[in-house]
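Fold and contact review
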Amino acid sequence: METKRVEEYERDEEEDEEQMEEWDDWQSEEEEESSSRCLCLFCSSRFGSAEILFDHCRSEHSFDFHHVVRELGLDFYGSFKLINYVRSRVAENKCWCCGLTLQCSRDLQNHLHPASNFEQDGKFFWEDDLYLKPYMVDDPLLHSFAGDEDEEEDPPAVDEETMRELMTSEELPKLCNDGQSMINGDSPMSDVFKDTGNTEASLDSMDKISQGMMTNGMILRPCDQKQKDKQLRVSLANVVARKIKNVNEKYFGSYGSFGIHREMLSDKVRTDAYRGALLNNPSLINGATVLDVGCGTGILSLFAAQGGASKVIAVEASSKMASVATQIARDNGLLSEDSMKGEEQHSGVINVVQCMVEELDKYIYIPPNSVDVLVSEWMGYCLLYESMLSSVLYARDRWLKPDGAILPDTATLFAAGFGRGGTSIPFWENVYGFNMSCISKEVMEDASCVPIVDAIDSRDIMTESVVIHSIDLATMKTDEMDFTAIFELKLRTDPAYNATSRTCPCYGIVLWFDTGFTNRFCKEMPTILSTSPYTPRTHWSQTILTFREPITMTSSDAFVSTTAAVGTEESPAVRIRARVSIARSSEHRSIDISLEISGISLDDRKHSWPVQIFSL
């Protein structure tokens, strides 16, 4: 009898456990179903589809998603960023369109209104690629807002060449870091991308991440539960790939305009420097194999052929300009037989290849380390704009002989302070006899935010020139393109500079560069290509960084006030200490420049100004 009771008790207990498991399973399914429902952008309501959610947002919260997308012409990624932007603002109880901060979510919901403006400083509020990172983990809305259209095909695969560029661009890690670490840079995932020089390792690491195999101090969920995250990572990689591709297409497409080539060819300083290096150094060029990166019209290749090169490989990414360069070489009897493809053969030496140099192996075989001379006109405004230098370094490391020559082989960046004449103030003070100086204040404010590329008169350079960065193209690494320089500027004391008074206001810093064809390689006739304001003007001009307010300087030891702020008329600075950082921007082929300045008086008092950020 007792045994029977025990058996009944155990049977009842097993039934209770089964019921509890069934309840847990049901509850888990209910929670999973709930989590898969789309959460409203503004309140806690959940909906079974994106369309129902957007109808609710339109009627209850004055947010018409589809109207905004249509009116602004947003693509998938623009819409993706808009959703994440709105979620981030709502989490802070801020109105997504006017920016007003409310006390609580209820006040925010009562405040919401139709948007009358979507931009600030000419950019959408959600323009920052930060919003490509989902604000809410596993947000079902991000997988469904575009409807069936995006489900018809898988995201395109990122090829190895594009991925190599992604790895070196440093954009992918910024997009792939988890949570707040996207801003702070402290995600465990960021370790994967530290050694960007090892593309194969990085690709392998990405593959391991996408398969849920890497832990790196944390446990990732199984692959089947992380499939959406994997798809999202692939999508983000393709966002960057597409962005780089678009920038490259625009960049190389811009060189399809003959106007820019006429401007460069008409730049006598530029063209004569390259012509002299290639024609007047026979010990370097005679019988050499020359690689011309970014040949454009092919002018440097023509010079190399004229100088006695036995073989010239001219690489040009613009399809239009590659065709033009081919025709020019043919018309001048310099096109090689390799390029004729069955046409009438010429005895020339130039072979034009249409591709990016990073893809050259796909189109022509060049034995590694077999090129005698690598030549390229890669310089942009402020030396580093356009970021073409990384392509030149890629070609150098892959094809240049260990003792081969690179032209030019040095580059130096200079800085100096400029005075009132280097600004537009004098122009507005006398416009056909009328005083329009009221305009100059706003113009100067704008100039303090945007770098100006223009030629500055050497008479307006008021300080001594200083070298802020030097590179040796034969040995440099890609990361040397990003640098920080700290330097001091003092008033000029040379006789050519005639200061009109004992004090002079300094309005900003001007940057320029020299490139050298030194006697390391150009033994017969070395030369320098200079873009200095003290030499004939080039198409690069100079890059002007304008202070928010002028700093009064002096070179005398006259009595100055010890109570007035340094840099004013009452207490002028005897030197300006500056810290300039130049780095490749997250915007492909652009650069960011930061400027920090301090004025130092004769008695060593110092006054500092807030940092300024310029994007070029």
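Everything numeric here is computed off the predicted structure, so don't read it as measured data. (Residues numbered from 1 in each chain as written. Predicted model: local features only at pLDDT ≥ 70, side-chain atom pairs only at ≥ 80, totals over all residues. Heavy atoms only, no water.)

A separate point is the sheet that holds strand E9 (residues 400–407). Within the open sheet, the 5 strands sit side by side as E7-E6-E5-E8-E9. Their pairing is parallel. One side of each edge strand has no neighbouring strand; the edge strands of this open sheet are strand E7 (350–354) and E9. Shown here is a sheet whose adjacent strand axes are inclined to one another by a mean of 20°, direction ignored. Against the sheet, helix H15 (residues 299–306) makes contact with strand E5 (289–293), strand E6 (311–316), E7 and strand E8 (371–375), and its axis sits at roughly 180° relative to E6, the strand it touches most. Against the sheet, helix H17 (residues 389–399) makes contact with E5, E8 and E9, and its axis sits at roughly 150° relative to E9, the strand it touches most. (Pairing = 2+ DSSP bridges. Helix = DSSP H or I, 4+ residues; strand = E, 2+ residues; numbered from the N terminus. Axes fitted to C-alpha atoms, helices over the stretch in contact; angles between N-to-C directions. Contact = heavy atoms within 4.5 Å.)

Moving on to the pairing of strand E14 (residues 503–517). Judged by how many residues are buried, E14 sits mostly within the fold: 14 of 15 residues are covered. As paired elements, strand E10 (residues 410–418) and E14 share 9 bridges and run antiparallel to each other. Paired with alanine 416 across the two strands is valine 510, which belongs to E14. In the sheet, E14 pairs with strand E15 (residues 527–530) via 4 bridges, with the strands oriented antiparallel. Paired with aspartate 514 across the bridge in E15 is serine 530. (Buried < 20%, exposed > 50% of the residue type's maximum accessible area, 1.4 Å probe, protein only.)

Our focus in this paragraph is the state of the cysteines. All told, the structure shown has 0 disulfides when counted by the stated rule. Looking at the unpaired cysteine 43, the closest cysteine sulfur is the one in cysteine 40, lying at 3.5 Å. Taking the relative accessible area as the measure of exposure, cysteine 43 reaches 16% and is therefore buried. (Disulfide = S-S within 2.5 Å.)

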